[in-house]
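Okay, here's what each chain looks like letter by letter:
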Amino acid sequence: MPAVRDAPAYPVPGYGLRVLRALEDAGFEAWVVGGWVRDALLGAPMHDVDVTTSATWQETERVLSAAGMEVHETGIAHGTVTAVSEGWPVEVTTYRVEGAYSDRRHPDEVRFVRDVREDLARRDFTVNAMAYHPERGLLDLFGGREDLVCGVVRAVGDPYRRFEEDALRVLRAVRFACRLGFEVEPRTQAALVACAPELDGIARERVGQEMGGVIASGRVAWALRHEFDVVARAVPVLAPMRGMDQRSPYHAYDLLEHTARACAAVEAFAGGVPTQALRWAALLHDVGKPVCASVDGDGRGHFRDHQRVGAAICRNALLGLALPREVAGRAAALVRYHDRHLSASPAGVRRLLRRLDQARPGEAPALAYQLLDLQRADAVGKTRACAQRTVSLAVFEQALSAELAGGTAFRVRDLAVGGGDVMRELGLTPGPAVGEALSGLLDGVIYGRVENSRDALLAWLRERG
Ligand code: ATP
Ligand code: MG
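Residues numbered from 1 in each chain as written. Chains lettered and ligands numbered in written order. Predicted model: local features only at pLDDT ≥ 70, side-chain atom pairs only at ≥ 80, totals over all residues. Heavy atoms only, no water.

Draft legend 1. The overall build of the protein, seen in detail. A tally of helices and strands in the protein yields 23 helices and 13 strands. Considered along the principal axes of its C-alpha atoms, the protein spans approximately 90 × 60 × 40 Å. Long-range pairs, those at least 24 residues apart, make up 66% of the contacts in the protein with a sequence separation of at least 6. In the form shown here, the protein has an accessible surface area of approximately 20,300 Å², with 50% of it arising from carbon and sulfur atoms. Once the 57 positive and 61 negative side-chain charges of the protein are each reduced to a mean point, those two points are 5 Å apart. (Helix = DSSP H or I, 4+ residues; strand = E, 2+ residues; numbered from the N terminus. Contact = heavy atoms within 4.5 Å. Areas by Shrake-Rupley, 256 points an atom, 1.4 Å probe, with all protein chains shown as cover. Lys, Arg positive; Asp, Glu negative; His and termini not counted. Charge placed at Lys NZ, Arg CZ, Asp CG, Glu CD.)

Printed below as a string of structure tokens:
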């Protein structure tokens, strides 16, 4: 259980205090609210300061501008402005409640209110619904502190109603459980499962953002095991994994548990700091399997081409969630090669680097290390015997590092000669033949048939015409 304090573990930072003081000196009421209060009670690293106030956004803007702060109208429809206080952004929102959610996404109306207690009641989870003021102390109407002590995510009010109002909260519950390492309180959990299908109606980019938070928590394995109904609604291509028997001597688990193990292992192999792309790739590495599954005469499962098919599914799924193109591209490249046999010879290393460079120009070395972690994680998620593969992957990693340290060549531009040399040597004019000749030279270098020096390459060209 986390050590939860009675009061924040650290004082409200000066730049936040300035905002509170300016508003209160002008006769309004203001509190720090939400994530800062939650994280400060947990003694977690300092969260941004969000302020909630009785002032309207126009009043807030006037007061804070007069106090010398820059104020940006970042969400005035919801009563939010962002003040820049001592260089730090502070979101200031008017006390408000939300009207009906007829589209289950956006409140039809936002109603501004004068009582902070109403504002706290519209917030999603008890741990997010606390306010704090340096003199008035902690305002905790729904047992948020107690829930921090017990490590539970609990909806404020009736969970079914709250999830029906805004189905995104279903995924937010999972995100906060992952991020805080909490469980979901049983009634909230039951409502979560019942309301998970409503996630289909939520804008994909909002789903992508929350799902990105689940991934970034490093605890997606927990979410797969405990909240699969929600995860499979957020990322529907995962749905067929549950209960999928791989009918293979290489797999001790169904596809879902295998994936959960791979996700957990990638955290361990990457020392707790895998890239977003690697985390997504671990989640989606076998996403092509259900589509590519076949069973042979002996009853064994095969998944021909699942790497290539999976890479395309992965890319589309991530772009569909409006995640950054680079993250989608990198994750797809990792999925594409997650099952590739890696040979630790210099040629084997260069071949992999060339492939990765073709997929993501300029990113091959970084991707190669991530691919190694993905392959290790995949191996330990299979059977004990498969886990032995981590040994040969360690050998490959040494070869990779040696090759990169020695200034290896795996791109045409790494060659010691250029197009001009080739044209002169072979009497060619510009055209596709030049590219072919260069690519032939690169093959020669990659496979160690010719040294990557100007003299050796030109002699080799002459010899072979
Ligand atoms: P994080 O560090 O993840 O941003 P946070 O608590 O600041 O944590 P936000 O998503 O930024 O989370 O939301 C800020 C606050 O607004 C939350 O703490 C919660 O009180 C409230 N909130 C945000 N989204 C919703 C929602 N969909 N329904 C109800 N309350 C919400
Ligand atoms: Mg926030």
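Draft legend 2. How the structure looks around the layout of surface pockets. Roughly 450 Å³ of internal volume is contained in the second largest pocket. Forming the walls of the second largest pocket are 24 residues, and the residues nearest its centre are H251, K289, H306, D339 and K382. Of all elements in the fold, only β13 (301-302), α15 (306-320) and α18 (364-380) reach the threshold of two or more residues within the lining of the second largest pocket. The residue makeup of the lining of the second largest pocket, split by class, is 4 nonpolar, 9 polar and 11 charged. (1 Å grid on protein atoms, 1.4 Å probe; cavity = no way out; pocket = protein on both sides within 12 Å on 5 of 7 lines; lining within 4 Å. Points joined across faces, edges and corners; volume = space filled by probe spheres on them. Nonpolar A, V, L, I, M, F, W, Y, C, P; charged D, E, K, R; others polar.)

Draft legend 3. Focus on the site of ligand 1. If you check the shell around ligand 1, you find 14 residues, and the closest are H47, R169, R172, R175 and R179. In the model, a nitrogen atom of ligand 1 is placed 2.7 Å from a nitrogen or oxygen of the R169 side chain. Between ligand 1 and R175 there is a distance of 2.6 Å, counted from an oxygen atom to a side-chain nitrogen or oxygen. When isolated, ligand 1 has an accessible area of 590 Å², and the protein chains bury 76% of it. Of all the secondary structure elements, the ones that give two or more residues to the shell around ligand 1 are α2 (35-42) and α7 (168-180). The biggest single contributor to the shell around ligand 1 is α7, with 5 residues. (Near = heavy atom within 4 Å. Polar contact = N/O pair within 3.5 Å; in protein donor to acceptor, adjacent residues only side chain to side chain.)

Draft legend 4. Geometry of the nonpolar core. Counting residues in hydrophobic clusters, the biggest one holds 117 residues, and the most contacted among them are L64, M211, W280 and L283. In terms of residue count, α7 provides more of this core than any other element does, 9 residues in total. In terms of domain composition, this core takes at least three residues from each of domain 1 (14-150) and domain 2 (235-405). One finds A409, L415, V417 and L458 within the second-largest nonpolar core, a separate group that totals 16 residues. (Core = buried A, V, L, I, M, F, W, Y, C linked by side-chain atoms within 4.5 Å. Buried < 20%, exposed > 50% of the residue type's maximum accessible area, 1.4 Å probe, protein only. Domains from an automatic or database assignment.)

Draft legend 5. Just the packing of aromatic side chains, in detail. For the coordinates displayed, the defined rule picks out 4 aromatic pairs. Aromatic side chains F125 and F176 sit 6.2 Å apart centroid to centroid with 65 degrees between the ring planes, which places their arrangement in the edge-to-face category. Of this pair, F125 sits in the loop between α4 (116-121) and β8 (131-133) while F176 is found in helix α7, placing the two residues 51 residues apart along the sequence. Residue F125 is classed as buried on the basis of its relative accessible area, which comes to 1%. One residue, R136, lies across the ring of W31, its end atom 4.3 Å from the ring centre. Over the aromatic face of F303 sits the side chain of K289, whose NZ or CZ is 4.7 Å from the ring centroid. (Phe/Tyr/Trp six-rings, centres within 6.5 Å; stacked < 30°, edge-to-face > 60°. Lys NZ or Arg CZ within 6 Å of the ring centre and 35° of its normal.)

Draft legend 6. Local environment of the pairing of strand β4 (residues 80-85). The buried fraction of β4 amounts to 5 of the 6 residues, a majority that puts the element mostly inside the structure. Pairing of strand β3 (residues 70-75) with β4, which is carried by 4 bridges, proceeds in the antiparallel orientation. Within the sheet, the bridge partner assigned to V71 lies in β4 and is A83. Counted along the chain from β3 to the antiparallel partner β4, the turn is 4 residues long, and its residue G79 has a positive phi close to 80 degrees. Here 6 bridges tie β4 to strand β5 (residues 88-94), and the two strands are oriented antiparallel to one another. Each residue of the ladder has a partner; that of V81, found in β5, is V92. Hairpin remark: β4 followed by β5, antiparallel, with 2 residues in the connecting loop; positive phi at E86, about 50 degrees. (Pairing = 2+ DSSP bridges.)

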